Amino acid sequence: MADVSLRERRQRLVERPELRGMAFCRAYAREADDWLAALAKRAVGDNPRSLALLAVGGYGRGELCPYSDLDVVLVHDGLRNVGTVADAIWYPVWDQGVHLDHSVRKPAEVLAAAENDLRVALGLLDARLVWGEARVGDPLLEETVSLWRSKLGEKWLPALSAQMTERHRAQGDLAFLLEPDLKEAHGGLRDANVLRAMAIYAPKLADYVDLESIEPAVTGLTDIRVELHRRAERALDKLLLQEQDQIASLLSYESADDLMASVSKMGRTIAWAVDDAWRRQPSWQPAREQRFARRRSRQPVPTEPKEVEPGVEIVGREVALSSEAAIVDDSSLALRLAAVAAERDLPIAKSALHRLADRMPPAPDPWPLETREALVRVLLAGRPAIAALESLDQQNLLSRLLPEWAPVRSKPQRNAYHRFTVDRHLLEAAVHAASISDRVERPDLLVVGALLHDIGKGYPGDHTEVGVDLVARIGARMGFTRRDTDVLVAMVRHHLLLPDAATRRDLDDPVTIEKVAEAVGDVGTLTLLGALAEADGLATGSSAWGPWKAGLVSELVNRTAAHLEGKPLPKGSGWVTEGHHRLMEEVRESGRPAVVLDPPQVTVAAADRPGLLASVAGILALHGLDVRSADATSAEGVAVEVFTVEVPRGSWPDSARLREDLDAVLADRFELEDRLAARAEAYAGERRPWSARTVSPHVVTDNDASASSTVLELRAPDEVGLLHRVTQALFDCALDVVSARVSTIGSEVVDAFYVRTAGGEKVTDPAVLRTVEEAVNAAAN
């Protein structure tokens, strides 16, 4: 096989579908070894002449995926023509189209490079001899490890930590991303390699972090990475949505959801291990560095156990269980342990987690008061509660306390709207709720309701309906009173009510306020729902909560509270102001449109004409503005339209240019449809990313949602110019659009239009309603 090219060898392996994961990597590494050794031997003959070819990094570990780079170092002992030998090896590799990371160095130069470059130092920890003289390679490999333990590990540890933090910030969490990078994300394969380097530097690390626990996760992620390379025929490490179904099938997962749930679990395992290692650094770092660290922080390390509450003690910088801890009899113990850890921002001792995993029984039914109080306590601790509860969850302890947790654990939400798996979303929502718990009278109900609001997503059926049934049982089991359980149920049933109503309904319409008030029942529940809406939105992602939505929800809560208390409703938006009347006069005098940009609002006044709203909406889309709401009125032949907008990219447009384009479109001198089509095509990939599911446009009409208008609601994929096309379709149906509300959910929109007939009435004729629905549906397709 010496004359068979590396590319041919690789292809033969790629064409063997049964050769997967680590087995493929090891086989490919052996083929690369054999081929490179043959090249080197051909260059120098049978005498290696004080040369050693080392494989480093992933190649050194034998983890060579189909299109991974070959990382090699040619070590020499002063050979004069070493450059010629190196070229005889490198050029054939390049000719094969294989990516090569290479260097030629003397042993002292290798060690110097490790001292000056963290990447080089890490790569050498996995180095091994591929070809050449062992007397050149082996002492260097031993010295590299020795140098890392004695000097380089201490030197590079801060940089390694900073590098990881920045990489995690840039790449996100493997466990929660829609399209995770299997190598670079937090919890990915690079983190596993970093953990290995930390363990080489500090063997004592193994006493505090279970290094073997990550090996199945590393194996599983490598299985997926190999198949990604195989399918893409290139070095692809990002698990793209369009690849997930096929990868799931190749690796015998039942579905892409099952694949991504497995990816989430593997990512969480590695992330928890590496994060836990950093949290416990004071415990495992070598004594010399530990002394320096204490000197810098000037904080003594306590050595004697200090009991802080029954069964829970602080040992060193960890929270542990005392020897007398009542693991079997005290169902509050695990949650109190987590609460102490969260309140003091300390890790939970590995021994405590293992003792709980071995002996803790399921929680009794109902819970003792102390257990419920411990749950509330840890949730109210805020952000550190996630690390503490994650530690319990890594040992499956949360499911013993709350069996309904198991179905949502690591469950993916395969859409661009949610950034977390269901379980992490619930924890994030509880943490955000804790940060605003001072706004409500019952912080306990707020954080528990936030923790449970999406618990139904682990089961078949509508997650809200399922969640209502589950929480009715969970609340009673936790020992809440019937009244408190009813409030928790209401929080689950209506957790989407306020954001949906605020963004899709006219808050000046009394029917909107009456319907919300009827649903929530009382001010206390309303206030809890308002806080839950904020916590849920913040936990979902940037597209789910922002100043615009926050302002609308706040206004809805205030107006609904006034209604429930029998007070006069707060003055509405009253958006037709003296300024608007002055704009109308300006239009009458000049005969030209008037445009005012006052972020986040755009106000347009123009001679009233059929289809004006559609034209203005089209111009705004063309200038890169996303409309969130629109209101229109007219008097004496002049219309005023006020748009609340967002700028997803670029900057605010120039008002003079906006007015010129509006002038042109109203005078039929502007090819609006063509320009919008061109812009939509340019941004199609950005605005309509791959999604786990394709949404077809869906239209419903409602004559009970408003006192004076028919409300038409459209759910459709988000596209440039969609609002323009829909409002034009409504105009073509001889309908007036009084107002519109636009809500973006990931790559989808939910638009609500308040429409009336030319006579100012609701649309009640069923045949007309069907025609309107068909027209809007066609415009959205």
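The structure displayed is predicted, hence computed values, not measured ones.

1. Observations regarding the overall build of the protein
Of regular secondary structure, the protein possesses 33 helices and 15 strands. Summarising its shape, the C-alpha atoms of the protein cover approximately 100 × 70 × 50 Å along the three principal directions. Here the protein, with 781 residues, has 56% of them falling under the buried criterion. When the 93 basic and 119 acidic side-chain charges of the protein are each reduced to a single mean position, those positions are 6 Å apart.

2. Quick look at the nonpolar core
In this structure, L356, L392 and V448 are the most contacted members of the largest nonpolar core, which totals 93 residues. With nine residues, the top contributor of residues to this core is helix 14 (residues 333-344). Discounting chain neighbours no more than four positions away, the residues touching V448 are L375, V376, L379, M478, F480 and L488. Within the second largest apolar cluster, 64 residues are counted, among which are L118, A127, L141 and I200.

3. Brief notes about the side chain of E748
Inspection of the secondary structure assignment puts E748 in strand 15 (residues 748-757). Residue E748 is classed as buried on the basis of its relative accessible area, which comes to 8%.

4. As for the pattern of salt bridges
Enumeration according to the criterion identifies 52 salt bridges in this entry. Its salt-bridge partner being E166, residue R169 comes within 2.6 Å of it at the nearest N-O pair. Of this pair, R169 and E166 both sit in helix 7 (residues 134-171), separated by three residues, roughly a single helical turn.

5. Details of the pairing of strand 10 (residues 626-635)
Sheet topology places strand 10 next to strand 11 (residues 638-646); nine bridges connect them, and they run antiparallel. Directly across from A630, in strand 11, lies its bridge partner F643. Hairpin connection of strand 10 to strand 11: two residues between the antiparallel strands, including E636 at a positive phi of 50°. Inspection of the sheet shows strand 10 paired to strand 14 (residues 735-745) by three bridges, in the antiparallel sense. Opposite S629, over in strand 14, you have R741 as the bridge partner.

6. What to know about the sheet that holds strand 6 (residues 312-315)
Read from one edge to the other, the open sheet built from three strands follows the order 5-6-7, with strand pairing classed as antiparallel. The strands lining the two open edges of the sheet, one partner per strand, are strand 5 (306-309) and strand 7 (318-321). Shown here is a sheet whose adjacent strand axes are inclined to one another by a mean of 40°, direction ignored. Examined bridge by bridge, strand 5 and strand 6 share three bridges and lie antiparallel to one another. Considered in strand 6, the bridge of E307 is made with E313.

7. Here we look at the packing of aromatic side chains
Aromatic ring pairs are described here by two measures, namely the spacing of the ring centres and the angle between the planes. Summed over the entire model, instances satisfying the criterion amount to three aromatic pairs. For the ring pair F24 and Y28, a centre distance of 6.0 Å and an interplane angle of 55° mean the geometry is tilted. Taken together, the residues span about one helical turn, with F24 and Y28 both in helix 2 (residues 21-44) at a distance of four residues. The pair F24 / Y28 is uniform in exposure class, with both members buried. Centroid distance Y91 to W94: 5.0 Å. Interplanar angle 85°. Geometry classified as edge-to-face.

8. A word on the confidence of the model for the protein
For the protein, per-residue confidence averages 91 on the pLDDT scale, and 95% of positions sit at 70 or higher. Long-range and interchain partners of residues 291-298, a stretch whose pLDDT sits below 50, account for four contacts in this model, where long-range means more than four residues apart. Long-range and interchain partners of residues 687-693, a stretch whose pLDDT sits below 50, account for 21 contacts in this model, where long-range means more than four residues apart.

9. Quick look at the packing of helix 23 (residues 497-504) against helix 26 (residues 547-564)
Contact geometry of helix 23 with helix 26 gives a least axis separation of 9 Å together with a crossing angle of 105°. Between helix 23 and helix 26, the angle falls in the class roughly perpendicular. Each of L498, P499, A501, A502 and T503 in helix 23 lies in contact with helix 26, whose residues at this interface are W548, K549, L552, V553, L556 and V557.

10. As for helix 14
Here helix 14 is twelve residues long and its end C-alpha atoms lie 17 Å apart, about the 16 Å a rise of 1.5 Å per residue gives. Most of helix 14 is tucked away, with ten of its twelve residues classed as buried. Taken as a whole, helix 14 has its buried residues at L333, A334, L335, R336, L337, A338, A339, V340, A341 and A342. In the segment just after helix 14, D345 is the residue with positive phi, at about 55°.

11. With respect to the packing of helix 23 against helix 24 (residues 510-520)
Contact geometry of helix 23 with helix 24 gives a least axis separation of 11 Å together with a crossing angle of 180°. When the axis of helix 23 is compared with that of helix 24, the two are roughly antiparallel. Across the interface between the two elements, L497, L498 and A501 from helix 23 touch V516, A519 and V520 from helix 24. Of the residues that constitute the contact of helix 23 with helix 24, the class distribution is six nonpolar, no polar and no charged.

12. Observations regarding the pairing of strand 8 (residues 594-598)
As paired elements, strand 8 and strand 9 (residues 601-607) share five bridges and run antiparallel to each other. What sits directly across from A594, in strand 9, is A605. In sequence, strand 8 turns back onto strand 9 through a hairpin of two residues.

13. As for the side chain of D71
Summarising the element assignment, D71 is placed in strand 2 (residues 70-76). For the buried D71, which has no salt bridge, the nearest side chain bearing the opposite charge is R119, at an N-O separation of 4.4 Å. The contact partners of D71, leaving out residues within four places of it in the chain, are L54, A55, V56, Y59, D101 and R119.

14. Here's the deal with helix 28 (residues 612-622)
In terms of burial, helix 28 is a largely internal element, eleven of the eleven residues being buried. For helix 28, the full list of buried residues reads L612, L613, A614, S615, V616, A617, G618, I619, L620, A621 and L622.

15. Notes on the sheet that holds strand 4 (residues 128-132)
Pairing in this open sheet of four strands is mixed, and the strands run 3-2-1-4 from one edge to the other. The open sheet has two free edges, formed respectively by strand 3 (100-105) and strand 4, since each of these has just one partner strand. Taken pair by pair, the neighbouring strands of this sheet meet at an average axis angle of 25°, ignoring direction. Where strand 1 (residues 51-55) and strand 4 come together, four bridges link them in antiparallel fashion. Its bridge partner being in strand 4, L54 is matched across the sheet by L129. Contacting strand 1, strand 2 and strand 3, helix 4 (residues 82-95) runs over the sheet at an angle of about 175° to strand 3. Lying over the sheet, helix 5 (residues 107-116) contacts strand 2 and strand 3, oriented at roughly 125° with respect to strand 3.

16. Points about the environment of L452
By secondary structure assignment, the location of L452 is in helix 20 (residues 443-452). A sequence separation of 19 residues divides L452 from V471, and the C-alpha atoms of the two residues are 7.2 Å apart. Those residues within four positions of L452 in sequence are excluded, and the remaining contacts are L402, L426, V471, I474 and V492.

17. Concerning unusual backbone geometry
With glycine set apart, most residues show a phi of negative sign, and most peptide bonds adopt trans. Note the cis peptide between D365 and P366, where omega equals 0°. In this chain, P599 is followed by P600 through a cis amide linkage whose omega measures 10°. Along the chain, P600 falls in the loop between strand 8 and strand 9. The backbone of D345 shows a phi angle near 55°, a positive value even though the residue is not glycine. According to the relative accessible area criterion, D345 is exposed, its value standing at 58%. The phi torsion at N396 lies on the positive side, around 60°, for a residue other than glycine. In this fold, N396 is placed in the loop between helix 17 (384-394) and helix 18 (398-401).

Quick notes on the rules
Residues numbered from 1 in each chain as written. Predicted model: local features only at pLDDT ≥ 70, side-chain atom pairs only at ≥ 80, totals over all residues. Heavy atoms only, no water. Helix = DSSP H or I, 4+ residues; strand = E, 2+ residues; numbered from the N terminus. Buried < 20%, exposed > 50% of the residue type's maximum accessible area, 1.4 Å probe, protein only. Lys, Arg positive; Asp, Glu negative; His and termini not counted. Charge placed at Lys NZ, Arg CZ, Asp CG, Glu CD. Core = buried A, V, L, I, M, F, W, Y, C linked by side-chain atoms within 4.5 Å. Contact = heavy atoms within 4.5 Å. Salt bridge = Lys/Arg side-chain N within 4 Å of Asp/Glu carboxyl O. Pairing = 2+ DSSP bridges. Axes fitted to C-alpha atoms, helices over the stretch in contact; angles between N-to-C directions. Phe/Tyr/Trp six-rings, centres within 6.5 Å; stacked < 30°, edge-to-face > 60°. pLDDT = per-residue confidence, 0-100. Parallel < 35°, antiparallel > 145°, perpendicular 65-115°, else oblique. Expected span 1.5 Å × (residues − 1). Nonpolar A, V, L, I, M, F, W, Y, C, P; charged D, E, K, R; others polar.

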